Amino acid sequence: MANKVKTIGVLTSGGDAPGMNAAIRAVVRTAISDGLKVKGIMRGYAGLLSEEIVDMDSTSVSDTINRGGTVLYTARCQEFTTPEGQKRGAEICRKHGIDGVVVIGGDGSFRGAGKLSALGINCIGVPGTIDLDIACTDYTIGFDTAVNTAMEAIDKIRDTSTSHERCSIIEVMGRHAGYIALWCGIANGAEEILLPERYDGDEQAIINRIIEARKKGKKHYIIINAEGIGHSTSMARRIEAATGIETRATILGHMQRGGSPTCKDRFYASIMGARAAELLAEGKSNRLVAYKHGEFIDVDIQEALAMQKDISEAQYRIAMKLVR
Ligand code: ADP
Ligand code: F6P
């Protein structure tokens, strides 16, 4: 297809994720290398609607690959979910000479990218979220850093939990998805892994297992609870009352979204960001860059959003063998 796109924009939207800067850097440098001009759109769709648009060159992204967060900032924008907001967004792109946009974010951000594509602005999405909850891809930028951050924090909690012979409930992020909980549950050698996709709510069974483990001489009892289940503090109170074992809840929270990205996040973000810019240069639109079965591919946005994702049953089955 002919190269019709001359100037592209790049934005980050929704929750930030470590590695977003590596993706921005790759978009900027690849686009410049392919002869395109690049503009940074600050604060996601909110910044598009308020015309916070800056010229970017190769040096705009110097010294950013190792930094957490996003140098373009991010936001959530209600106005852009309306047809009027989307129309205005497309008009602002045209006013600034932007004929293609790379959107780095999650499912919500891709819905916006789909709408902008339908209004004639070529859009390519790049999956950036710590939650790993985007169905069309086996990898999302930020997940690797987030699970490593959470794993290190949980190791530390385990030390004090053992010293005090306590039960510890540690709540990890993931919105409605249990991927961070599953990975940390396995990697931290937890005694319980509670996932929104699988948890049956049987707290009495957990209490029975804690009492049994204590009888066998287990010093700590680590429960990894996913944010999608929540209620860690009240769960801790009930467990302590029922078992007589001191129980503490720790909600790891936003620390999981920060920090210098791991090598894996920098590498995948660099390839995905570069592919997004290349796809725009090739005249493509309404596609998401994805990583599936060991390959970087691109997928139609509406098809991607219609896909369902679930925890791997094989991985869950093994996790349930390892915790006991
Ligand atoms: P994420 O991209 O991480 O899933 P959100 O769901 O918060 O994060 O979405 C980010 C932004 O994408 C929203 O604030 C909104 O501006 C835009 N967005 C979300 N859903 C839609 C939609 N259906 N149509 C257009 N834009 C949307
Ligand atoms: O999507 C990333 C994420 O960190 C989720 O894990 C979490 O549910 C949500 O964002 C938190 O959003 P906020 O930063 O608005 O509190």
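Reading the values: rules and limits
- Residues numbered from 1 in each chain as written.
- Chains lettered and ligands numbered in written order.
- Predicted model: local features only at pLDDT ≥ 70, side-chain atom pairs only at ≥ 80, totals over all residues.
- Heavy atoms only, no water.
- Patch = residues over 30% accessible without salt bridge, like charges linked within 9 Å, V, L, I, M, F, W, Y side chains within 5 Å.
- Areas by Shrake-Rupley, 256 points an atom, 1.4 Å probe, with all protein chains shown as cover.
- Salt bridge = Lys/Arg side-chain N within 4 Å of Asp/Glu carboxyl O.
- Helix = DSSP H or I, 4+ residues; strand = E, 2+ residues; numbered from the N terminus.
- Buried < 20%, exposed > 50% of the residue type's maximum accessible area, 1.4 Å probe, protein only.
- Near = heavy atom within 4 Å.
- Polar contact = N/O pair within 3.5 Å; in protein donor to acceptor, adjacent residues only side chain to side chain.
- Nonpolar A, V, L, I, M, F, W, Y, C, P; charged D, E, K, R; others polar.
- Domains from an automatic or database assignment.
- Axes fitted to C-alpha atoms, helices over the stretch in contact; angles between N-to-C directions.
- Parallel < 35°, antiparallel > 145°, perpendicular 65-115°, else oblique.
- Left-handed = near helix turned anticlockwise from the far one by under 90°.
- Contact = heavy atoms within 4.5 Å.
- Core = buried A, V, L, I, M, F, W, Y, C linked by side-chain atoms within 4.5 Å.
- Phe/Tyr/Trp six-rings, centres within 6.5 Å; stacked < 30°, edge-to-face > 60°.
- Buried area = accessible area lost by both parts, 1.4 Å probe.
- Pairing = 2+ DSSP bridges.

A. Structural context of a nonpolar patch on the surface. Side chains of Ile186, Ile318 and Leu322 sit close together on the surface and give an oily, nonpolar patch of about 270 Å² of accessible area. For Ile318, the location among the structural elements is in helix H11 (residues 313-323). Of the residues examined, Ile318 reaches a relative accessible area of 42% and is grouped as partly exposed.

B. View of the site of ligand 1. Arg76, Cys77, Gly106, Gly108 and Ser109 are the nearest of the 16 residues found near ligand 1. Arg76 has a polar side-chain atom sitting 2.8 Å from an oxygen atom of ligand 1. With respect to ligand 1, the backbone of Cys77 contributes an N or O atom lying 2.7 Å from an oxygen atom. No other element matches the six residues that helix H4 (residues 107-118) contributes to the shell around ligand 1. Its residues placed into classes, the shell around ligand 1 shows three nonpolar, nine polar and four charged.

C. View of the site of ligand 2. All residues in the neighbourhood of ligand 2 are listed as Arg76, Thr129, Ile130, Asp131, Met173, Gly174, Arg175, Glu227, His254 and Arg257. Between an oxygen atom of ligand 2 and a side-chain N or O atom of Glu227, the distance comes to 2.8 Å. One nitrogen or oxygen atom from the side chain of His254 is found 3.0 Å from an oxygen atom belonging to ligand 2. Starting from 400 Å² of accessible surface for ligand 2 in isolation, the protein chains cover 77%. Split by residue class, the shell around ligand 2 holds two nonpolar, three polar and five charged. Counting residues domain by domain, the shell around ligand 2 receives three or more from each of domain 1 (7-142 + 261-306) and domain 2 (145-258).

D. Expanded view of the packing of helix H1 (residues 20-33) against helix H9 (residues 263-281). Here H1 crosses H9 at 40 degrees, and the two axes come no closer than 7 Å. Comparing the axis directions of H1 and H9 gives the class oblique. Once H1 is placed against H9, the crossing between them reads as right-handed. Where H1 approaches H9, its residues Ala22, Ala23, Ala26, Val27, Thr30 and Ala31 are matched on the opposing element by Arg266, Ala269, Ser270, Gly273, Ala274, Ala277 and Glu278.

E. Just the nonpolar core, in detail. Among the nonpolar cores identified, the biggest contains 62 residues, and Ile8, Val102 and Ile154 are the most heavily contacted of them. Here this core takes eight residues from H9, the largest share from any one element. Split by domain, the residues of this core number at least three in each of domain 1 (7-142 + 261-306) and domain 2 (145-258). Every residue in contact with Ile154, bar those within four places of it in the chain, is listed here: Ile170, Val172, Cys184, Asn188, Ile222, Ile224 and Leu252. Counting residues in hydrophobic clusters, the runner-up holds 26 residues, among them Tyr45, Ala113, Leu116 and Ile134.

F. Expanded view of the packing of aromatic side chains. Within this structure, the stated rule accounts for seven aromatic pairs. Residues Phe143 and Trp183 carry aromatic rings whose centres are separated by 5.2 Å and whose planes lie at 90 degrees to one another, so their mutual orientation is edge-to-face. Highlighted residues: Phe143 in helix H5 (residues 143-163) and Trp183 in helix H6 (residues 179-187), separated in sequence by 40 residues. Classification of Phe143 by relative accessible area gives buried; the value is 3%. According to the relative accessible area criterion, Trp183 is partly exposed, its value standing at 40%. Centre to centre, the rings of Tyr268 and Tyr291 are 4.9 Å apart; their planes meet at 75 degrees, and the pair counts as edge-to-face. Placement of Tyr268 in helix H9 and of Tyr291 in strand S10 (residues 287-292) is noted, with a sequence separation of 23 residues between them.

G. Broad picture of the domain arrangement of the chain. With domains assigned, the chain is organised as domain 1 (7-142 + 261-306) and domain 2 (145-258). A C-alpha centroid distance of 35 Å is found between domain 1 and domain 2. Counting residues at the interface gives 12 residues for domain 1, matched by 12 residues for domain 2. Here domain 1 and domain 2 share an interface that buries about 1,000 Å² over both sides, 54% of which is from carbon and sulfur atoms. The largest contributions to the domain 1 side of the interface with domain 2 come from Ile130, Asp131 and Leu132, which together make up 45% of the buried area. In this assembly, domain 1 and domain 2 are joined by two salt bridges. A salt bridge links Asp131 to Arg175, with the nearest nitrogen and oxygen atoms 3.9 Å apart. Across the domain 1-domain 2 interface, the total number found is five residue pairs in polar contact (both at pLDDT 80 or more). Partitioned by chemical class, the residues of the side of domain 1 that touches domain 2 number four nonpolar, three polar and five charged.

H. Representation of the pairing of S10 in the model. Sheet topology note: the strand S5 (residues 122-127)/S10 ladder contains two bridges and is parallel. Considered in S10, the bridge of Gly125 is made with Leu288. The pairing of S10 with strand S11 (residues 295-300) spans six bridges and is classified as antiparallel. Within S11, the residue paired with Arg287 across the bridge is Asp300.

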